[in-house]
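Structure assessment
Next come the chains, spelled out residue by residue.
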Amino acid sequence: RTLYVAGMCALCVLHCGTFPEPTGVKPREEKVPTSDSAPDGVVRRLYDLGKASLDRAEFQEAIDFFTRAIEADGAEFSLFIARGTAYHRCGRQRDAMSDLDTAVRLAPDNSDAYYCRGRIRFNLRDVDGSIADFTSALDLNSKYTAAYVCRGVMRVRLGDRVGGIEDFSAAIRL
């Protein structure tokens, strides 16, 4: 199954120029934002509304909810990842990159922040930067299957087929 996922990611990147949302990968436990500075439940409610909007592909509405949550608690890195994802999905890659830079700055020990930023860097054609971010995600979480797959795709794209196969093999072993 993982080999199928790796192959599909490679095909999507080579033909469409973008990574698909990871499929066939066990969902990661989502960190739910909380805030000591905002009234109880406000940040969580705005976050939930933003996620629901994102799931319905109502990207601007999602961005608006995440922005309001960030205004209530600008120190919560997961809000920047969420809004960056919404920006990414509606094609606003530079805005997504800005939010993911902020997420990495706020939580330099969070593998998801690096993984998401790696995907945006790929879309901005920063191949070396995307490989560096996928590598950082793997340094923080050696069981991050999607990061192995995406880094493998990038390595193959640079002509490093051996490195790509190593990453695909690592993903399969997981």
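Our subject is the structure listed above.
Just so you know, these numbers come straight off a predicted model, no measurement behind them.

Over its 13 residues, helix α8 (residues 145-157) extends 19 Å from the first C-alpha to the last, a length consistent with the 18 Å expected when each residue adds 1.5 Å. Directly beyond the C-terminal end of α8, a positive phi value near 95° is found at G159.

If you walk through the whole model with that rule in mind, you get twelve salt bridges. Two residues, R56 and E58, come together in a salt bridge whose shortest N-O distance is 3.0 Å. The class of E58 is partly exposed, set by a relative accessible area of 34%. For R121, the salt bridge goes to D133, with nearest N and O atoms at 3.3 Å. With R121 in helix α6 (residues 111-123) and D133 in helix α7 (residues 127-140), this pair connects stretches of sequence that are twelve residues apart. The exposure class of R121 is buried, given its relative accessible area of 17%.

This part is about the packing of α7 against α8. In a packed pair of helices, the relevant descriptors are the angle between the two axes and the axis-to-axis distance. Between α7 and α8, the least distance of the axes is 9 Å, while the angle of their chain directions is 150°. Of the possible angle classes, the one that applies to α7 and α8 is roughly antiparallel. Considering the relative orientation of α7 and α8, their crossing is left-handed. Residues V127, S130, I131, F134, T135, A137 and L138 of α7 pack against A147, Y148, C150, R151, M154 and R155 of α8. For the contact of α7 with α8, the residue count by class is nine nonpolar, two polar and two charged.

In an α-helix there are 3.6 residues to a turn, and that puts residues three or four apart on one side. Here helix α2 (residues 42-55) is 14 residues long and its end C-alpha atoms lie 20 Å apart, about the 20 Å a rise of 1.5 Å per residue gives. Looking at α2, one finds that the buried residues are V43, L46, Y47, G50, S53 and L54. Down the axis of α2, the buried side of the element spans an arc of 125°, and every buried residue falls inside it. Along α2, exposed side chains directed more than 90 degrees from the buried face belong to R45 and D55.

With that settled, the discussion passes to unusual backbone geometry. The phi angle at A57 is positive, at roughly 65°, despite the residue not being glycine. Inspection of the secondary structure puts A57 in the loop between α2 and α3 (59-72). Of note, R125 is a non-glycine position whose phi angle comes to about 65°, a positive value. Along the polypeptide, R125 turns up in the loop between α6 and α7.

The rules we used
Throughout this description, residue numbers start from 1 for each chain and increase along the sequence as written. With the structure being a predicted model, the display of local features is reserved for residues of pLDDT at least 70 and the display and counting of side-chain atom pairs for 80 or more, all residues being used for whole-chain, interface and lining totals. With hydrogens and water excluded, all non-hydrogen atoms of the structure serve as input to the side-chain values. Secondary structure counts use DSSP, requiring at least four H or I residues in a row for a helix and at least two E residues in a row for a strand, with both numbered from the N terminus. The span you would expect from a helix comes to 1.5 Å times its residue count less one. Here, a salt bridge means any Lys or Arg side-chain nitrogen found within 4 Å of an Asp or Glu carboxyl oxygen. Note on exposure labels: buried denotes an accessible area under 20% of the residue type's maximum, exposed denotes more than 50%, and partly exposed covers the range between, all computed with a 1.4 Å probe on protein chains only. Between the N-to-C directions of two axes lies an angle of 0 to 180 degrees, each axis being a line fitted to C-alpha atoms and, for a helix, fitted only over the stretch in contact. The labels follow the angle: roughly parallel below 35 degrees, roughly antiparallel above 145, roughly perpendicular from 65 to 115, and oblique for the rest. The handedness criterion is simple: a crossing whose near helix is rotated anticlockwise from the far helix by less than a right angle is left-handed, and one whose near helix is rotated clockwise is right-handed. In this description, contact between two residues means that some pair of their heavy atoms is separated by no more than 4.5 Å. The nonpolar class holds Ala, Val, Leu, Ile, Met, Phe, Trp, Tyr, Cys and Pro. Asp, Glu, Lys and Arg form the charged class, and all remaining residues, Gly among them, are polar. Taken from the helix axis, the directions to the C-beta atoms give the arc we talk about.

Treat this as a map of the structure, not an account of what it does.
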